[in-house]
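Summary of structural features
The primary structure of each chain is shown beneath.
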Amino acid sequence: MEQPTCHQDKKFQSSWGLFPSSSEPTSPVNPHDRSVLASRMCSHFGLQPDDDVDESGIVSGLPEFECGVYANSCTDACSCCPREAPARDHANQEARPHSCYREVWPHKAVYQKIKERVEDAVKRRKIFLIRGELPRLKEALEARGWVQKYESTKTRMLPYGAVTNLETRSLSDITRADGTLNERAVILALLRDRQPDFIWDCRNDFVQWRRGLGSDVLLNRYQRPSVYTSKLGMARSLEDAYWLYEENVSDVLFPRSYNPARDQRAFLEDFRRTAAAGLLKWFVHGMSVAEEPSILATDSKRRAIPIARLDFAVDRCEEFVAVATHEDIDVVAGEQPTEEEWNVLLEDYTAALHHEAGIESSSEGAVRVENYRCLENAVATLEKLKTVDPQYAMSGMRGIWILKPSDLCCGNGIVISHDLTDILNRVAEKPKDYYIVQKYIECPLLVKETKFDIRLWYLVTSTFPLTIWIFKEALLRFSSQPYTFSTYHESIHICNTAIQEKYDDERRRRQRRRQDGPEEPANRSLRDQGWDCEKLNEYLKSIGHRGEPYHDLIYPKMAQAVVMMMLTAQDHMERRRSSFELYGADFVVAEDLSVWLIEINTNPRMHPPSSRITKRLYSSVLESLVKVIMDVPVDACADTGGFSLLYKQYIDDFQPYLGPCLFVAGKSMTLHEQPRKPAKERRTNICGPWSKQRAKTAPPMISRSREPNVVDLIDHLNPARCTAAN
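Since we're looking at a predicted model, the values are computed, not measured.

By the alternation rule, side chains of strand β5 (residues 198-201) split into Phe198 and Trp200 and Ile199 and Asp201, which are all buried. Pairing geometry for strand β3 (residues 127-131) and β5, over four bridges, is parallel. By the bridge assignment for β5, Arg131 is matched with Asp201. Relative to strand β6 (residues 218-219), β5 is paired through two bridges, and the arrangement is parallel. Looking at β6, one finds that Ile199 is bridged to Leu219.

Orientation of helix α10 (residues 307-324) relative to helix α11 (residues 339-354), taken along the N-to-C sense of each, is 115°, at an axis distance of 11 Å. Accordingly, the angle class assigned to the pair α10 and α11 is roughly perpendicular. In the crossing of α10 with α11, the sense of the turn from one axis to the other is left-handed. In this structure, α10 uses Arg309, Phe312 and Arg316 to contact α11, whose residues at the interface are Glu341, Trp342, Val344, Leu345 and Asp348. The class makeup of the residues in the contact of α10 with α11 is four nonpolar, no polar and four charged.

Here four strands make up an open sheet; going across it, the order is β7-β13-β11-β12 and the pairing antiparallel. Among the strands making up the open sheet, the edge pair consists of β7 (257-258) and β12 (415-417). As judged from the five bridges shared by strand β11 (residues 401-405) and strand β13 (residues 435-439), these two strands associate in the antiparallel manner. When the bridges of β13 are listed, Lys404 appears paired with Ile436. Helix-sheet contacts for helix α9 (residues 264-288) involve β7, β11 and β13, and the interaxial angle to β11 is about 150°. This element, helix α14 (residues 420-429), spans β11, β12 and β13 of the sheet and lies at about 10° to β11.

Attention shifts here to the pairing of strand β19 (residues 595-601). Among the seven residues of β19, seven are classified as buried, and the element is accordingly described as predominantly covered. Across six bridges, the pairing between strand β18 (residues 581-589) and β19 is antiparallel. Following the sheet pairing, Val588 is matched in β19 by Trp596.

Our next topic: the packing of α9 against α10. Packing of α9 against α10 leaves a shortest axis separation of 9 Å and a crossing angle of 125°. Taken together, the axis directions place α9 and α10 in an arrangement best described as oblique. The two elements α9 and α10 cross, and the hand of that crossing is left-handed. On α10, the residues touching Arg273, Ala276, Ala277, Leu279, Leu280 and Phe283 of α9 are Arg309, Leu310, Ala313, Val314, Arg316, Cys317 and Phe320.

Of the residues in the protein chain, 68% reach a pLDDT of 70 or more, and the chain-wide mean stands at 78. Within the model, pLDDT remains below 50 along residues 7-26, and this stretch shows 46 contacts once partners closer than five positions in the same chain are excluded.

Taken as a whole and assessed by the stated rule, the structure comprises 34 salt bridges. Among the ionic pairs, Arg136 bridges to Glu623, the shortest N-O distance being 2.1 Å. Separated by 487 residues along the polypeptide, Arg136 in helix α5 (residues 135-142) and Glu623 in helix α21 (residues 612-631) bring together distant segments of the chain. Taking relative accessible area as the criterion, Arg136 reaches 29% and is therefore assigned partly exposed.

Here Arg221 is to be found in the loop between β6 and α7 (226-229). Judged by relative accessible area, Arg221 falls into the buried class, the value being 3%. Polar contacts involving the side chain of Arg221 include one to the main-chain carbonyl oxygen of Asp201, which spans 2.8 Å.

Turning to a nonpolar patch on the surface, a few remarks are in order. Where nonpolar side chains cluster on the molecular surface, the patch consists of Tyr242, Trp243 and Leu244 and spans about 400 Å² of accessible area. As for its position among the elements, Leu244 is in the loop between α8 (231-237) and β7.

Thresholds applied
- Residues numbered from 1 in each chain as written.
- Predicted model: local features only at pLDDT ≥ 70, side-chain atom pairs only at ≥ 80, totals over all residues.
- Heavy atoms only, no water.
- Buried < 20%, exposed > 50% of the residue type's maximum accessible area, 1.4 Å probe, protein only.
- Helix = DSSP H or I, 4+ residues; strand = E, 2+ residues; numbered from the N terminus.
- Pairing = 2+ DSSP bridges.
- Axes fitted to C-alpha atoms, helices over the stretch in contact; angles between N-to-C directions.
- Parallel < 35°, antiparallel > 145°, perpendicular 65-115°, else oblique.
- Left-handed = near helix turned anticlockwise from the far one by under 90°.
- Contact = heavy atoms within 4.5 Å.
- Nonpolar A, V, L, I, M, F, W, Y, C, P; charged D, E, K, R; others polar.
- pLDDT = per-residue confidence, 0-100.
- Salt bridge = Lys/Arg side-chain N within 4 Å of Asp/Glu carboxyl O.
- Polar contact = N/O pair within 3.5 Å; in protein donor to acceptor, adjacent residues only side chain to side chain.
- Patch = residues over 30% accessible without salt bridge, like charges linked within 9 Å, V, L, I, M, F, W, Y side chains within 5 Å.
- Areas by Shrake-Rupley, 256 points an atom, 1.4 Å probe, with all protein chains shown as cover.

Have a look at this one:
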């Protein structure tokens, strides 16, 4: 997946609809405007382009500033202004008052500069609208000559273009209280009837744009992204991801997930099977750590789990292995365990893993022999389970599951639990499709006993052919507290920035310092130390990993997961020429350095920054994004900042239709033909403007006593059967 050179990627500009140009690194006009495409096509084929259309009149002027009063001349004054310089009263040395001349003249020069800049941006199709707060994106666009269009307060929460009468005074008056000119209000008034050329909507409550929006308008979102970016939508998309697997190109590890409101039976079976395997793992681990295992219930006050429960767990795991290896096909199914037996297993499993229960034991030798016999069976069963369960290591042994609201973000509403009854009760309290239940990764890679996840940004600039750009540097998000299973508090297990900001020790220390005065220095958390990917790579090497662990193992797996995810979502993505979208993919790295995709965010947080490292990364991502969408369509070799081309889908020139239809090649047949007349009886039928006789046509003669028969294809191909049938 190396980034192609500009010579290897000759077809890249064709997907954007432009021809390559290496004369300038950036385009002086909007590269996504169709008029630019037309002029480039004319220059490419040696044609003469049409004259540029003067669009200065499209900008709506302000009547109070269109008056012709200038600093050194009054000859162009309007009817409300004096044709000559006002006479002075020599006694008071003051000019006669004139409201238009007195109020407008000081701002005339400023207004003319603003209007000229706006008219120039309109002519070059460089008007942008941001619904939200992204100062770094605004600065990057304005540095390229773009002008921001503002919205009135009444239309900011509506689909763009739904209301045409904008409230021009919503940004306060044209003139501020201090007498200066309000530039934002002037631009709002000048562009009140002008459609923007670039819209960026960074709100969570995203409203789809109207279909009447011009095809040249550059949009930062594809329609209906929740189909593949919501938790449930993403799980559905990845169900058949294995069909799109390609070695070293597309591959993904995704924790098994269920919609508990619709797939409750499947989730229940997985929960029970995971509990059975977890009980065996707990038993094997406890019997192997010391000569006198601590899991034996030698104390009478400690709950004792019978050996029969382990045998039951072994049988259930053996059944799962048999089904996975297809050994159950020719075997008569035995008696299935009852609900009561499963409930007893779950009770003992919860007591063993979460309430310090132990295996029954006594001083008798028979019991010890039975324990070691069960240990051998458990070890053998778990070895078989490893070969058929790809998520064996990730599942752990504590049976912890995580419930996530499908359509919420910022870590809101997340619940972690190991209690089946608690999980089902929470699901029942919410409407259908509200929750997704997912297996929790119990053995994450820890950095100094602290859990973290990785936010990776990537950019999709075309959905057909699928074109993905990936940002070279990722963001490490650490939790605020050391990792432990003693509690499922969000500050320990959820690394989302919005969650962890509530427990930011550094911020709380600063607040206490302002209130109580000087404070003794304290150890900073990993969140305060500004860990980046290079520091993580060095840490992995210090704990025994060879080579460059992050760059050679973790980052390539994240890139392959991104490609796989977007390939599964490609059929649901809008195929619009002037659209792109920035995504944020969240990953968790396990102890064995396996990389697990957790979720895809269609509106990743880019403001405000929560630390110095996020301030740097947010700015770099947005500045690099502008380079990709503005420079690459003009020059494939242009600088792309921190983004690199991850995947460019190869599309054949001829695309066969792959829909559920059957193509039939052949010629029509007539069931009954009229007898052909002799040649002498034939008369030429001439159909022309001077012909006296008119052309006559009649439908074929079909016997009403016989309806067309449906002939089986096999009968048609078998002459003997066809003859016999006749």
